[in-house]
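Here's the letter readout for the chains.
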Amino acid sequence: MRRLSARHSVRRSASTRPGRTALTREVFWFVVIGVASTGAQALLYWVLRHWSPPILANFASLLVVTVLNTEANRRLTFRGSAVRVLQAHGAAGGLFVLAYLVTSGAVLLFRHYRPTASPAAETLVLAPSFALVTVVRFTVLRMVVFRRRHR
């Protein structure tokens, strides 16, 4: 009887803090998706960079990863949200422009100072930019698009 009572009190205390539990789950999935997105974007940029200029490789890798990242966050991080697919991807499209400017600025600045740098070196410079873009994307999407109403 004691065990049942102890389990019940644990469940009850966890359910009295739905905002905290939801935030913990969101942060967990954000980190998983963010690490995967940053790795995928770096790898895709590096592969594309062998055949295309930095700006085009950055555009293509960012476009593909933005779509996948948004959908993964919509389905896993912010699951249960009433936000429609087009609304989520529309907001991500606006963030795409900002992300493209930041990451392109980083790679162009690097290429200005190191014009003979390899695609691998460019990728190493871009990885922190990709990670920063992922954090901004999560923050804006959470605050604006997938805002939670805990009452």
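That block above? That's the structure.
So, here's what we can say about the structure. (Residues numbered from 1 in each chain as written. Predicted model: local features only at pLDDT ≥ 70, side-chain atom pairs only at ≥ 80, totals over all residues. Heavy atoms only, no water.)

## Some words on the packing of aromatic side chains
- Applying the stated criterion across every chain, the model contains 4 aromatic pairs.
- Measuring from ring centre to ring centre gives 5.4 Å for Phe-59 and Phe-96, while their planes differ by 80°; the resulting arrangement is edge-to-face. Taken as a pair, Phe-59 in helix α3 (residues 54-77) and Phe-96 in helix α4 (residues 85-113) lie far apart in primary sequence, 37 residues in all.
- Looking at Phe-96, the relative accessible area reads 12%, which means it is buried.
- Pairing Phe-59 with Tyr-100 gives two aromatic rings, centres 5.5 Å apart and planes at 90°, and the pair type is edge-to-face. Linking Phe-59 in helix α3 with Tyr-100 in helix α4, this pair joins segments that are 41 residues apart in sequence.
- The exposure class assigned to Phe-59 is partly exposed, which follows from its relative accessible area of 33%. (Phe/Tyr/Trp six-rings, centres within 6.5 Å; stacked < 30°, edge-to-face > 60°. Helix = DSSP H or I, 4+ residues; strand = E, 2+ residues; numbered from the N terminus. Buried < 20%, exposed > 50% of the residue type's maximum accessible area, 1.4 Å probe, protein only.)

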